[in-house]
Amino acid sequence: RSSPVRPQRHPCPYDAYGMTAVESAAFGCPTVADGGRGVGALALLGGGGCVEVDLEGTIAGGEGGEKLALELAAIIADREGLRRVGEEGRRRALGWDEAACCRRLVAVMMSLSN
């Protein structure tokens, strides 16, 4: 039996990269992040490798805190869902290695040369 999965919360609504999300994913720890604005790591992890929530309206004293708390409680209670997200995040984070970076860089350069 595996140990319970505890997600880490990426607190920044805007983050050029989001290294903590990628580092956590590499160890199978899912990240809960603001999916509506600007966390760069979601380009790598999004779509199954992290849990995206809408924090609009809950920042700077906005309304919606109770709704967010209920959503986070449901996410934390879904251990199987968190396990799947953690596994997918790990696959994606560890899949972005030097070779993958080079392939992507070559593809971008080739697209610019056309």
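One can find the structure itself at the top, above this paragraph.
Predicted model only: the values in this text are computed from it and were never measured.

A. Here's a closer look at the overall build of the protein chain. Of regular secondary structure, the protein chain possesses five helices and five strands. Secondary structure of the protein chain in N-to-C order comes out as β-β-α-β-β-α-β-α-α-α. Burial analysis of the protein chain (114 residues in total) assigns 32% to the buried set. A separation threshold of at least 6 residues defines the contact pool for the protein chain, and within that pool the share at least 24 residues apart is 48%. Summing over all exposed atoms, the protein chain offers an accessible surface of approximately 7300 Å²; the carbon and sulfur share of this is 59%.

B. The arrangement of the state of the cysteines in detail. All chains considered together, the criterion is met by zero disulfides. Left unpaired, C101 is separated from the closest cysteine sulfur, that of C102, by 5.7 Å. On the accessibility criterion, C101 (37% relative accessible area) is partly exposed.

C. View of the sheet that holds strand β1 (residues 8-9). Reading across the sheet, the three strands line up as β1-β3-β5 and stay open at both edges, with parallel pairing between neighbours. Since the sheet does not close on itself, it has two edges, and those belong to β1 and β5 (51-53), each with one partner. Pairing of strand β3 (residues 31-34) with β5, which is carried by three bridges, proceeds in the parallel orientation. What sits directly across from V32, in β5, is V51. Sitting on the sheet, helix α3 (residues 65-77) touches β3 and β5, and the angle it makes with β5 is about 170°.

D. Expanded view of the nonpolar core. Ranked by size, the top nonpolar core spans 11 residues in total: A21, V22, A25, A26, A33, V39, A41, L42, L45, C50 and A93. Considering every element that reaches this core, the biggest residue donor is helix α1 (residues 19-26), with four residues.

E. Geometry of the pattern of salt bridges. Scanning the model with the defined rule gives five salt bridges in all. R91 is the partner of E88 in a salt bridge, and the nearest nitrogen-oxygen pair spans 2.5 Å. Here E88 and its partner R91 are both found in helix α4 (residues 79-95), three residues apart, which amounts to about one turn of the helix. Given the relative accessible area of 53%, R91 is considered exposed. Where R92 meets E88, a salt bridge forms, and the shortest distance between an N and an O atom there is 2.6 Å. Taken together, the residues R92 and E88, both in helix α4 and four residues apart, mark about one turn of the helix. Members of the salt-bridge network, linked through shared partners, are E80, R83, R84 and E87.

Scoring rules and cut-offs
- Residues numbered from 1 in each chain as written.
- Predicted model: local features only at pLDDT ≥ 70, side-chain atom pairs only at ≥ 80, totals over all residues.
- Heavy atoms only, no water.
- Helix = DSSP H or I, 4+ residues; strand = E, 2+ residues; numbered from the N terminus.
- Buried < 20%, exposed > 50% of the residue type's maximum accessible area, 1.4 Å probe, protein only.
- Contact = heavy atoms within 4.5 Å.
- Areas by Shrake-Rupley, 256 points an atom, 1.4 Å probe, with all protein chains shown as cover.
- Disulfide = S-S within 2.5 Å.
- Pairing = 2+ DSSP bridges.
- Axes fitted to C-alpha atoms, helices over the stretch in contact; angles between N-to-C directions.
- Core = buried A, V, L, I, M, F, W, Y, C linked by side-chain atoms within 4.5 Å.
- Salt bridge = Lys/Arg side-chain N within 4 Å of Asp/Glu carboxyl O.

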